[in-house]
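Residue-level structural notes
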Amino acid sequence: MNRIALHQSTVHPLDPVGLVEVARGAGLDSIGLRVAAVADVEPWWSRGIGSPMLPDLVDALLTHRVTVLDVGRVPLGPELCVMDIGHPYSRVLELGTRLGAQFVTVRAGEPADDPVEFFARLAELAARYHLRPLLSPAAGTAVATLEQAIATVDGTGGGVVLDIVPGRDDRAAVDEMVVELGELLGYVRVSARALAHTAAPGLLATLPPQVPVALGGAEPGAGADLDVPGHIARAVALRDAVDAMLRHPQATRS
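Attention in this report is confined to the structure presented alongside it. (Residues numbered from 1 in each chain as written. Predicted model: local features only at pLDDT ≥ 70, side-chain atom pairs only at ≥ 80, totals over all residues. Heavy atoms only, no water.)

1. Focus: the environment of Ala192
- Relative to the assigned elements, Ala192 resides in helix 8 (residues 192–195).
- Considered as a pair, Ala192 and Thr10 are 182 residues apart in the sequence and their alpha carbons are 7.3 Å apart. (Helix = DSSP H or I, 4+ residues; strand = E, 2+ residues; numbered from the N terminus.)

Next up, the structure:
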């Protein structure tokens, strides 16, 4: 059965402890955390493993039996070639291993940069922390497409994040991408923004059961006026939509 994770972006501006409460209330297994490269998280994680948030979050994870799927994000750049405990990439790796995360997410730098060397270096560093780096393609970066991501991570032990947008992607295309990626597929990230408007039953019906699904990218400002119960209600609706995406059409036949 696929693990389903709720990303920090879906409950903004709740803090990480609030995210755990929402995940548990919605019956979700895991969370995804921002710990660097986003200004909003600096008040929580600027002191790395010395941050006051860490013991509170660990207590919440243990109490609610919620796991951490991934921490992010590390930008690929030349700073990775110099060991610097004060750099955000060290913060991400140290917090990731303390929280028992499975993955660390990565984004390439400017299009002029060569990401291959930098990703290989990060993969080497991440292995020391028992984390697997996953490259997330993004427009306007040196890794803008899935094909470029595959070429960058090949042979490093890392993998990629596969972004799925209900209403844009069909099942045949998703099946083809999953097969093409094979063991390079770390997890599938589903756009919560699109899922809130478009039903996509069966879209992930053939996804291997060991591949997690993460919900991320809610509407900007969508949760600003919600309390924890409100966020839970929205997360339940998103979870039900993902469950329908994972259910094979033949499973509903009598």
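More follows now that the structure is in view.
2. A few points about the side chain of Thr152
- If you trace the backbone, Thr152 turns up in helix 6 (residues 146–153).
- Those residues in contact with Thr152, other than ones at most four positions away along the chain, are Pro115, Val116, Phe119, Leu135 and Val143. (Contact = heavy atoms within 4.5 Å.)

3. Re the packing of helix 1 (residues 16–25) against helix 3 (residues 53–64)
- Their axes nearest at 9 Å, the elements helix 1 and helix 3 cross at an angle of 10°. The angle between helix 1 and helix 3 falls in the class roughly parallel. Contact with helix 1, carried on its side by Pro16, Val17, Val20, Glu21 and Arg24, involves Met53, Asp56, Leu57, Ala60, Leu61 and His64 of helix 3 and no other residues of that element.
- Looking at the contact of helix 1 with helix 3, its residues break down into seven nonpolar, one polar and three charged. (Axes fitted to C-alpha atoms, helices over the stretch in contact; angles between N-to-C directions. Parallel < 35°, antiparallel > 145°, perpendicular 65-115°, else oblique. Nonpolar A, V, L, I, M, F, W, Y, C, P; charged D, E, K, R; others polar.)

4. Quick notes on a negative patch on the surface
- On the surface, Asp15, Glu21, Asp56 and Asp59 cluster together into a patch of negative charge.
- Relative to the helices and strands, Asp59 resides in helix 3. (Patch = residues over 30% accessible without salt bridge, like charges linked within 9 Å, V, L, I, M, F, W, Y side chains within 5 Å. Areas by Shrake-Rupley, 256 points an atom, 1.4 Å probe, with all protein chains shown as cover. Salt bridge = Lys/Arg side-chain N within 4 Å of Asp/Glu carboxyl O. Lys, Arg positive; Asp, Glu negative; His and termini not counted. Charge placed at Lys NZ, Arg CZ, Asp CG, Glu CD.)

5. A few points about helix 9 (residues 228–246)
- Between its first and last C-alpha atoms helix 9 spans 26 Å; for 19 residues at 1.5 Å apiece the expected length is 27 Å, and the two agree.
- Among the residues of helix 9, Gly230, His231, Ile232, Ala235, Leu238, Val242, Met245 and Leu246 are the ones counted as buried.
- Close packing links the buried residues of helix 9 with strand 1 (4–7), helix 1, strand 7 (185–191), helix 8 and strand 8 (213–216).
- At the N-terminal boundary of helix 9, the capping side chain belongs to Asp227, with an oxygen 2.9 Å from the backbone nitrogen of Gly230. (Expected span 1.5 Å × (residues − 1). Buried < 20%, exposed > 50% of the residue type's maximum accessible area, 1.4 Å probe, protein only. Polar contact = N/O pair within 3.5 Å; in protein donor to acceptor, adjacent residues only side chain to side chain.)

6. Observations regarding the sheet that holds strand 1
- Ordered in space as 1-2-3-4-5-6-7-8, the eight strands form a closed barrel in which the pairing is parallel. Ignoring which end each strand starts from, the neighbouring axes of this sheet average 30° apart.
- Of the pairings in the sheet, the one linking strand 3 (residues 67–75) to strand 4 (residues 103–107) comprises four bridges and is parallel in character. When the sheet's bridge partners are listed, Asp70 is paired in strand 4 with Phe103.
- Relative to the sheet, helix 9 contacts strand 1, strand 7 and strand 8, its axis offset from that of strand 8 by approximately 140°. (Pairing = 2+ DSSP bridges.)

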